[in-house]
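# What the coordinates show
So you can see what is in the structure, the chains are spelled out below.
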Amino acid sequence: MNGNTPNTATEWIDPDDAPELTDAFFEEADEYMGNQLIRRGRPAGSGTKVSTTVRFDENGVDALWSEEAESRISRYEAGKITADSLAVVLARLGQR
């Protein structure tokens, strides 16, 4: 039977038994200046990237698309993707 299991009692945890706040805890904490969160982690990009265009031989692109389609079909046959996902991918490959 697929019924709900009854709630189990949770064990009460005394707040006095909480772990100590170490330096490592504060190093990982979010920092605020007033109400504004100070960003952590990697800084924004430098903005020095340029746009480029690459041209490929049509036969090479056709081979690449064929290989990708075959890969997706074999993933579908192995049960790794659904039929809907396969249809979407193959439709996109056909639109190139």
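The rules behind the values
The written sequence of each chain sets the order in which its residues are numbered from 1. Only residues with pLDDT of 70 or above have their local features reported here, since the model is predicted, and side-chain atom pairs are shown and tallied only from 80 upward, although totals for entire chains, interfaces and linings are computed over all residues. For the side-chain quantities, the full set of heavy atoms in the structure was used; hydrogens and water were omitted. Numbered from the N terminus, helices here are DSSP runs of H or I no shorter than four residues, and strands are runs of E no shorter than two. Relative accessibility under 20% of the residue-type maximum defines a buried residue, over 50% an exposed one, and the middle range a partly exposed one, all with a 1.4 Å probe and only protein chains included. The working definition used for a salt bridge is a side-chain nitrogen of Lys or Arg within 4 Å of a carboxyl oxygen of Asp or Glu. Each patch groups residues whose relative accessible area exceeds 30% and which form no salt bridge, using 9 Å between like charges and 5 Å between nonpolar side chains of Val, Leu, Ile, Met, Phe, Trp and Tyr. A 1.4 Å probe and the Shrake-Rupley method give the accessible areas. Residues count as covered only by the protein chains that appear here. A helix is expected to span 1.5 Å multiplied by its residue count minus one. Contact definition: two residues touch when any of their heavy atoms are within 4.5 Å. Between N-to-C directions, angles span 0 to 180 degrees; the directions come from axes that are lines fitted to C-alpha atoms, helices contributing only their stretch in contact. Put simply, angles under 35 degrees are roughly parallel, angles over 145 are roughly antiparallel, angles from 65 to 115 are roughly perpendicular, and the rest are oblique.

### Considerations on the overall build of the protein
Across its full length, the protein holds three helices and two strands. Across the protein, helices and strands are ordered from the amino to the carboxyl terminus as α-β-β-α-α. A total of 96 residues make up the protein; the buried ones form 5% of that total.

### Remarks on the pattern of salt bridges
The full count for this structure, using the stated rule, is one salt bridge. The partner of Arg 72 in a salt bridge is Glu 68, with the nearest N and O atoms 2.8 Å apart. Placement of both Arg 72 and Glu 68 in helix α2 (residues 58-77) is noted, with a separation of four residues, approximately one turn of the helix. Arg 72 gets classed as partly exposed once you look at its relative accessible area, which sits at 24%.

### Points about a nonpolar patch on the surface
On the surface, a nonpolar cluster with roughly 340 Å² of combined accessible area is contributed by Leu 21, Phe 25 and Phe 26. When you line up the elements, Leu 21 lands in the segment before α1 (23-28).

### Description of helix α3 (residues 83-94)
Its 12 residues give α3 an end-to-end C-alpha distance of 16 Å, which sits within 8% of 16 Å, the value for a rise of 1.5 Å per residue. Here the buried face of α3 lies against α2.

### What to know about the packing of α2 against α3
Two elements in contact, α2 and α3, have axes separated by 10 Å at closest approach and are oriented at 175 degrees. With respect to α3, the element α2 is oriented roughly antiparallel. Across the interface between the two elements, Trp 65, Glu 68, Ala 69, Arg 72, Ile 73 and Tyr 76 of α2 pack against Ala 83, Leu 86, Val 89, Leu 90 and Leu 93 of α3.

### Concerning α2
The end-to-end C-alpha distance of α2 is 29 Å, a good match for the 28 Å that 20 residues give at a rise of 1.5 Å each. Looking one or two residues past α2, Gly 79 carries a phi angle of roughly 80 degrees, positive in sign.

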